[in-house]
Amino acid sequence: MLTKLITWCVIQLPSIVILIILFVSLLRALRFTTRKMKKLAINKAYKAENIDNNEAEKRINTLTGIIYGIGRIFLWVIFLLILLGKFNINIAPILASAGIVGLAVGFGAQELVRDFISGFFILLEDQLRTGDWAVINGTEGLVEKIELRTVTLRDSSGTVHIFQNGKIDTLSNMTKEWSAIVLQIGIGYKEDTDNAVMLMQQVGDEMFNDPVYKEMMLEPVAISGVNDFADSAVVIRLVIKTKPMQQWAVGREYRRRLKKVFDAKNVEFPFPYRTLTWGDSSNPIKLKIEPADSDSK
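Cut-offs applied
- Residues numbered from 1 in each chain as written.
- Predicted model: local features only at pLDDT ≥ 70, side-chain atom pairs only at ≥ 80, totals over all residues.
- Heavy atoms only, no water.
- Helix = DSSP H or I, 4+ residues; strand = E, 2+ residues; numbered from the N terminus.
- Buried < 20%, exposed > 50% of the residue type's maximum accessible area, 1.4 Å probe, protein only.
- Contact = heavy atoms within 4.5 Å.
- Areas by Shrake-Rupley, 256 points an atom, 1.4 Å probe, with all protein chains shown as cover.
- Pairing = 2+ DSSP bridges.
- Axes fitted to C-alpha atoms, helices over the stretch in contact; angles between N-to-C directions.
- Phe/Tyr/Trp six-rings, centres within 6.5 Å; stacked < 30°, edge-to-face > 60°.
- Lys NZ or Arg CZ within 6 Å of the ring centre and 35° of its normal.

Peer 1: I'd like a description of the overall build of the protein chain, backed by residues and values.
Peer 2: Helix and strand counts for the protein chain stand at 8 helices and 8 strands. Within the protein chain, the proportion of its 297 residues that are buried is 30%. Here the contacts in the protein chain between residues at least 6 apart in sequence split such that 64% fall between residues at least 24 apart. With the model as given, the accessible surface of the protein chain reaches about 20,000 Å², and the carbon-plus-sulfur share is 61%.

Following this line, the structure appears as structure tokens:
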């Protein structure tokens, strides 16, 4: 027994060490290659004039992450199979059993297969990328990770939501290629709507000419006009088209500037009010006040 152990250590142990070193080297080479591919692809996207840099970077990050994950699984499987052979374990029955088990699991794991197929088409059709702001099954948040089986979403409160790709019924990408914010601005009924629209357009043009916000806005503010007659306000609708993820910052700044302009021009923002009318048959309430008794003081 001791002789066999010594013989095995002399013959097989060096090859196992070499195998481990080769495996670790291949893992590092895979990581280096994917990073290099990512860097080259991003540089190429930055040089292209008709490609949005942020959009391209999101897609590249997503695809290189998937490639790295698949490569790691492939290397681990090959490494374990060769390592088992070094321990004189016949891997042929294992492979045959794996095929049978895989077939059985395939019938029982239809949901898992559906997740992988759905994830594949999400990536193929470029429906979602890492870094997008999306609404999945009614939950809104930032896409932190996309895998073939799941999508990881973090909402604004910091809660992480994990969705199986096969169970995604509704998917809304709010930051693909460009974004927009729709504002419903209400003014009082006594105000001149044409004057209000002029002031709103003036604020939008000033922001579009501002070097800071011009980098965020894709087009000047588009004012649709009077959109509704509410209970206490005339509602004017406008749309601001921005770069992805910039719609909220631009919207907040527009509201801040518009409030200052409306205050300076005495344009009233609406507030709820009620008018009470007494009918002719209603009599005023009469109050009878008795004089105070001096003796009771």
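Here the narrative resumes.
Peer 1: Any details on the sheet that holds strand β3 (residues 150–154)? Residues and values, ideally.
Peer 2: Spatial ordering of the open sheet is given by β4-β3-β2-β1-β5, a layout of 5 strands whose pairing is antiparallel. On the outer flanks of this sheet lie β4 (160–164) and β5 (171–173), each paired with one strand and no other. Here the strands of the sheet are splayed against their neighbours by 40 degrees on average, with no regard to which way each runs. Pairing geometry for strand β2 (residues 139–146) and β3, over 4 bridges, is antiparallel. Paired with Lys145 across the bridge in β3 is Thr152.

Peer 1: Describe the environment of Lys145, with residues and values.
Peer 2: Assignment of secondary structure puts Lys145 in strand β2. On the basis of relative accessible area, Lys145 is assigned to the partly exposed category, the value being 44%. When the C-alpha positions of Lys145 and Gly131 are compared, they lie 8.2 Å apart, and in sequence the two are 14 residues distant. Leaving out residues up to four positions away in the same chain, Lys145 has contacts with Thr130, Thr150, Val151 and Thr152.

Peer 1: So what's going on with the packing of aromatic side chains? Residues and values would help.
Peer 2: Enumeration according to the criterion identifies 7 aromatic pairs in this entry. On the basis of an interplanar angle of 70 degrees and a centroid distance of 4.7 Å, the ring pair of Phe23 and Trp76 is categorised as edge-to-face. Of the two residues, Phe23 sits in helix α2 (residues 13–47) while Trp76 sits in helix α3 (residues 53–86), which places them 53 residues apart along the sequence. Positioned over the ring face of Phe208 is Lys214, at 4.0 Å from the centre of the ring.

Honestly, it's all geometry; don't read function into it.
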